[in-house]
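# Structure at a glance
What follows is each chain in one-letter form.
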Amino acid sequence: MFDGIASDYDQMNRVMTMGQDQKWRRFVVGKAGDPGSGLVLDLATGTGDIASLTNTSHPAAHVVGADFSFNMLREAGKRFAQQPISWQSCDANHLPYKEKSFESVTFGYLLRNVDDSLTVLREVRRVLKPGGRVVCLDTTPPQKNMLYPFIRAYFRFGIPLLGRMIASDESAYAYLTGSTMEFHTADELAAIFKEAGFVDVGYQKFMMGTIAVHWGQSPKGV
Ligand SMILES: C[S@@+](CC[C@H](N)C(=O)[O-])C[C@H]1O[C@@H](n2cnc3c(N)ncnc32)[C@H](O)[C@@H]1O
């Protein structure tokens, strides 16, 4: 599915989020802290926006952008050919990196797509250095308040329609809606971060409570 939407992915993102998506990615990079000249990983990098912003903010760091979709990685490489980012193929369930390799690990819109968030978060913790930070951006099920019917209608009808018009792929974007509504609530996801062993876990919501950025830290000295 991700291979199929790679070429229209960026345009679709900008339209669907009304131009807000880069702001959230910048927030992610800020929350990941300053890695100095160390190694950082942007997992599920897709077309590479978070990896690129990390390189721009921290030019001394060594940035790895990793994903299991070949077409996504190819788009990332084309878009950011001028930046010294290492694009690598990998599955988030079995990271091909040694323990305690990275100063920080970021990922945008990954966990909603995996079978078991806890397995991936444990892998992330394994490859993070003690004190290293993890930051996760994803959609989150909207809470049932006054805005809920409108938000639900946008997810149910608006997003698949945009998917058909812009990406010629209604089903991929209907999947986004389904996987968002069925995903962990922000509180549940924060609890899974803690279960994976992270400390100082927190989150902030954006876009009328439909986007959440979660963060945590690998315990120091472990
Ligand atoms: C919605 S895109 C997000 C791309 C990018 N992070 C962003 O901010 O726009 C989700 C990405 O996760 C990748 N992905 C999903 N499951 C994965 C896994 N198990 N291992 C590695 N990448 C995965 C997909 O290939 C896709 O590129």
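Whatever comes next refers back to the structure up there.
What counts as what
- Residues numbered from 1 in each chain as written.
- Predicted model: local features only at pLDDT ≥ 70, side-chain atom pairs only at ≥ 80, totals over all residues.
- Helix = DSSP H or I, 4+ residues; strand = E, 2+ residues; numbered from the N terminus.
- Rg over C-alpha atoms; globule rule 2.2 N^0.38 Å.
- Buried ≥ 20, exposed ≤ 12 C-beta atoms within 10 Å, placed from the backbone.
- Near = placed C-beta within 6 Å.
- Nonpolar A, V, L, I, M, F, W, Y, C, P; charged D, E, K, R; others polar.
- Core = buried A, V, L, I, M, F, W, Y, C linked by C-beta atoms within 7 Å.
- Contact = placed C-beta atoms within 7 Å.
- Pairing = 2+ DSSP bridges.
- Axes fitted to C-alpha atoms, helices over the stretch in contact; angles between N-to-C directions.
- Left-handed = near helix turned anticlockwise from the far one by under 90°.
- Parallel < 35°, antiparallel > 145°, perpendicular 65-115°, else oblique.

## A short note on the overall build of the chain
Across its full length, the chain carries nine helices and seven strands. Over its C-alpha trace the chain gives a radius of gyration of 17 Å, about what one expects of a compact globule, namely 17 Å for 222 residues. For the chain, the proportion of its 222 residues judged to be buried stands at 39%.

## Brief notes about the site of the ligand
Among the 18 residues in the neighbourhood of the ligand, the closest are listed as Phe-2, Ala-44, Gly-46, Ser-69 and Gly-108. Classifying every residue of the shell around the ligand gives nine nonpolar, six polar and three charged.

## A look at the nonpolar core
Grouped together as the largest cluster of nonpolar side chains are 50 residues, with contacts concentrated most on Leu-41, Leu-43, Val-105 and Val-134. With five residues, the top contributor of residues to this core is strand E5 (residues 128–139). Not counting residues within four places of it along the chain, the set of residues in contact with Val-105 comprises Leu-41, Leu-43, Val-124, Val-127, Leu-128 and Val-134.

## Describing the sheet that holds strand E2 (residues 62–67)
Taken in spatial order, the seven strands make up an open sheet running E3-E2-E1-E4-E5-E7-E6, and their pairing is mixed. Edge positions in the open sheet fall to strand E3 (85–89) and strand E6 (199–206), since each of these has one partner strand only. Strand-to-strand, the axes of this sheet are offset by a mean angle of 15 degrees, without reference to chain direction. One ladder, built from four bridges, connects strand E1 (residues 39–43) with strand E4 (residues 102–108); its direction is parallel. Following the sheet pairing, Leu-41 is matched in E4 by Val-105.

## Here's the deal with the packing of helix H2 (residues 9–16) against helix H7 (residues 148–166)
Between H2 and H7, the least distance of the axes is 10 Å, while the angle of their chain directions is 145 degrees. At the point where H2 passes H7, the crossing takes the right-handed sense. Only Ile-159, Leu-162, Gly-163 and Ile-166 of H7 make contact with H2, whose side of the interface consists of Gln-11, Met-12, Val-15 and Met-16. Tallied by class, residues from the contact of H2 with H7 come to six nonpolar, two polar and no charged.

## Quick look at the packing of helix H3 (residues 21–31) against helix H4 (residues 49–57)
H4 packs onto H3 with a crossing angle of 55 degrees between their chain directions and a minimal axis gap of 9 Å. Relative to H4, the element H3 is oriented oblique. With respect to the hand of their crossing, H3 and H4 are arranged in right-handed fashion. Seen from H3, the contacting residues are Gln-22, Arg-25, Arg-26, Val-28 and Val-29; seen from H4, they are Asp-49, Ile-50, Leu-53, Thr-54 and Ser-57.

## Brief notes about the environment of Thr-139
Within the secondary structure layout, Thr-139 lies in strand E5. Each C-alpha atom of the pair Thr-139 and Arg-112 lies 7.8 Å from the other, and the pair is 27 residues apart in sequence.

## Regarding the environment of Lys-100
Tracing the sequence through the fold places Lys-100 in the loop between E3 and E4. Sequence-wise, Lys-100 and Phe-68 are 32 residues apart; in three dimensions their C-alpha atoms are separated by 22 Å. The contact partners of Lys-100, leaving out residues within four places of it in the chain, are Leu-128, Lys-129 and Pro-130.

Nothing here speaks to function; it is geometry throughout.
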